[in-house]
Structure formats: C-alpha cells, structure tokens
Amino acid sequence: MTETPPSLEVVAGGCRCGSVRYTLSRNTLPLTYACHCLDCQTWTGGAFSQQCLVPEDSFAVTGDLALFELPGSKGKISYQRICPTCHTRVFNTNSARPGVVAIRAGTFDRSHELDCVAHIWTARKQAWLVIPEGIPSWTGAAPGNELLRVLAM
Ligand SMILES: [Zn+2]
Ligand SMILES: [Zn+2]
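Residues numbered from 1 in each chain as written. Chains lettered and ligands numbered in written order. Predicted model: local features only at pLDDT ≥ 70, side-chain atom pairs only at ≥ 80, totals over all residues. Heavy atoms only, no water.

Engineer: Outline the coordination of the zinc ion (ligand 1), supporting the account with residue identities and numerical values.
Structural biologist: Each pair of donors in an ideal octahedron of six around a metal sits at 90 or 180 degrees, and each pair in an ideal tetrahedron of four sits at 109.5 degrees. The protein atoms that coordinate the zinc ion (ligand 1) are Cys15 (SG), Cys17 (SG), Cys83 (SG) and Cys86 (SG), at distances of 2.3 to 2.4 Å. Every donor counted, the 4 donor atoms about the zinc ion (ligand 1) form angles of 106 to 114° at the centre, which fits tetrahedral coordination. Donor residues for the zinc ion (ligand 1), ordered by position in the chain, follow C-x1-C-x65-C-x2-C. A residue pair is termed long-range when its members are at least 10 positions apart, and Cys17 in the loop between β1 (11–14) and β2 (21–24) and Cys86 in the loop between β7 (77–82) and β8 (89–94) qualify at 69 residues. (Donors = N, O, S within 2.8 Å, 3.2 Å for Na, K, Ca; no water. Tetrahedral: all angles 85-135°; square planar, octahedral: opposite > 155°, others 65-115°. Helix = DSSP H or I, 4+ residues; strand = E, 2+ residues; numbered from the N terminus.)

What follows is the structure, given as structure tokens:
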C-alpha cells in the first residue's frame, strides 16, 4: 500500500474578473468575522461585511489596484484596495492597525469553507438574521483586542 502524500492546501483568492489575485503564506483558511454596521451594509450592498485579519507580511498580491482612502474618527485612515476593472473591494489596511490586512471573505477561492466566529455591530443587523448561540458578538465595536483574540490573530 502506498501512502498518499499530504496535499498542501493553497489559500488564495481574487477579484471577480480575475486580474487581482492574492495568496496567503499559510496552510489553513483564516477565521472570519461579520460586521453588521450600516456602513458595511451600504458598502457591500449586502446584509453584512465578512472579513479576516492577517499579518501583512503573510499576504502577497498581484495585479493593478485602485486605492480609495477613507478618513475615519480620530484621524484614522482606511486604505481600501479595489480592482480598477471590476471594482471588487478586495482588501484594506488601516493606519490605526499597522501590519494587518483585512481581506474580504467573499474573495477567497474557498469561501464556502470559511468559518465566521464573531459578529460586531449586531445592534444594526438585519432582523431576519439570527446569530447562532455561543458565537461571540457585540452590539457595537468589540472592546480592546477582543476581536483579535477571538480570531486567533
Ligand atoms: Zn477585477
Ligand atoms: Zn462595519
């Protein structure tokens, strides 16, 4: 009997048209969280946004990117990276969280395998959406580093 070597899972993703592609130097999919705030609903055009946070040095991207800078509270700036062709919002960084990349969960090739382990801004969630019991959730932003802890980041 021959043993099958373990296959290396590739964690990769990209935009809708395929001109932006990224890879993560890790073997497992990162944990994700959902944000139900109105900004995220408006921006995604959906019920919530879902993303993961990964160290910037584990993330490699190819293809042209458009940059959209969004000033936030306390002088923070969110740097949103978008495919200039199909306008998929792929990932962002934030001056308040240097060295961390937030990747939009729906851009992962294996998005159907992702786990969503936390919910924030549930005060603004759509009424039909019921969060499973036992999943960490906050009515607003998660306090301190709670979100990073839950995400094992
Ligand atoms: Zn594209
Ligand atoms: Zn949000």
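What follows continues from the structure just given.
Engineer: Any chance you could break down the coordination of the zinc ion (ligand 2) for me, citing the residues and the numbers?
Structural biologist: For the zinc ion (ligand 2), the full set of protein donor atoms is Cys35 (SG), Cys37 (SG) and Cys40 (SG), at a range of 2.1 to 2.3 Å. Here the donor residues of the zinc ion (ligand 2) are spaced in sequence according to C-x1-C-x2-C. Pair check on accessibility: Cys37 and Cys40 agree, each one buried. (Buried < 20%, exposed > 50% of the residue type's maximum accessible area, 1.4 Å probe, protein only.)

Engineer: Account for the pattern of salt bridges, with residues named and values stated.
Structural biologist: For the coordinates displayed, the defined rule picks out 3 salt bridges. Its salt-bridge partner being Asp109, residue Arg21 comes within 2.7 Å of it at the nearest N-O pair. You can see Arg21 sitting in strand β2 and its partner Asp109 sitting in the loop between β9 (100–104) and β10 (116–120), a full 88 residues away along the chain. Under the relative-accessibility criterion, Arg21 is labelled partly exposed at 32%. (Salt bridge = Lys/Arg side-chain N within 4 Å of Asp/Glu carboxyl O.)

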